[in-house]
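Letter by letter, the chains look like this.
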Amino acid sequence: YSASTTDPNGDQVYYLFDWGDGTFSGWQGPYNSGTTGYANHQWSEQGAFEVRVKAKDDNGKQSDWSDPLPITNQ
């Protein structure tokens, strides 16, 4: 999965993915502002999940959660 954001001050950013199964990626990064960040996940159970991501900059300022991306694991 990937995410990208631009920090208004040009600070480096980190991404946190919520996998929708009660687990999180941990903060991934740092990435340069505007650069795409990546994380992998395997769901241990079948079902429908909603993946979300948020960003924070070097100063700890965090974005809101993204809109959820529906995932079906079969």
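Presented here is an overview of the structure given in this document. (Residues numbered from 1 in each chain as written. Predicted model: local features only at pLDDT ≥ 70, side-chain atom pairs only at ≥ 80, totals over all residues. Heavy atoms only, no water.)

**Concerning the pattern of salt bridges**
Note on pairing: side chains with opposite charge can pair once their charged atoms come close. For the structure on display, the rule yields one salt bridge. In this structure, R52 and D18 form a salt bridge, with 2.9 Å as the shortest nitrogen-oxygen distance. Residue R52 is located in strand 5 (residues 47-57), and its partner D18 is located in strand 2 (residues 13-18); the two are separated by 34 residues in the primary sequence. Look at R52 and you get partly exposed, because its relative accessible area is 27%. (Salt bridge = Lys/Arg side-chain N within 4 Å of Asp/Glu carboxyl O. Helix = DSSP H or I, 4+ residues; strand = E, 2+ residues; numbered from the N terminus. Buried < 20%, exposed > 50% of the residue type's maximum accessible area, 1.4 Å probe, protein only.)

**Brief notes about the packing of aromatic side chains**
What describes a pair of aromatic rings is the distance from one ring centre to the other and the angle between the planes of the rings. Going through the model one piece at a time under the given rule, you end up with seven aromatic pairs. Look at W19 and W43: their rings are 6.0 Å apart centre to centre, the planes differ by 85°, and that puts the pair in the edge-to-face class. Residue W19 is located in the loop between strand 2 and strand 3 (28-31), and its partner W43 is located in the loop between strand 4 (36-38) and strand 5; the two are separated by 24 residues in the primary sequence. Arranged with centres 6.3 Å apart and planes meeting at 40°, the rings of F24 and W65 form a pair that is tilted. Note that F24 is positioned in the loop between strand 2 and strand 3 and W65 in the loop between strand 5 and strand 6 (69-73), a separation of 41 residues in sequence. Residue F24 is classed as partly exposed on the basis of its relative accessible area of 47%. Grouping aromatic residues by their ring pairs yields a cluster made of Y1, F17, W19, W43 and F49. (Phe/Tyr/Trp six-rings, centres within 6.5 Å; stacked < 30°, edge-to-face > 60°.)

**Some words on the nonpolar core**
Residues A3, Y15, F17, W19, W43, V51 and V53 are the most contacted members of the largest nonpolar core, which totals 13 residues. Take this core: its biggest share by element is four residues, from strand 5. (Core = buried A, V, L, I, M, F, W, Y, C linked by side-chain atoms within 4.5 Å.)

**Here we look at the sheet that holds strand 3**
Pairing is antiparallel in the open sheet, where four strands are placed in the order 3-2-5-6. Looking at strand neighbours, the two that pair on one side only are strand 3 and strand 6, the edges of this open sheet. In this sheet, adjacent strand axes meet at a mean angle of 30° when their direction is disregarded. In this structure, strand 5 lies alongside strand 6, joined through five bridges in antiparallel fashion. Looking across to strand 6, one finds that A48 is bridged to T72. (Pairing = 2+ DSSP bridges. Axes fitted to C-alpha atoms, helices over the stretch in contact; angles between N-to-C directions.)

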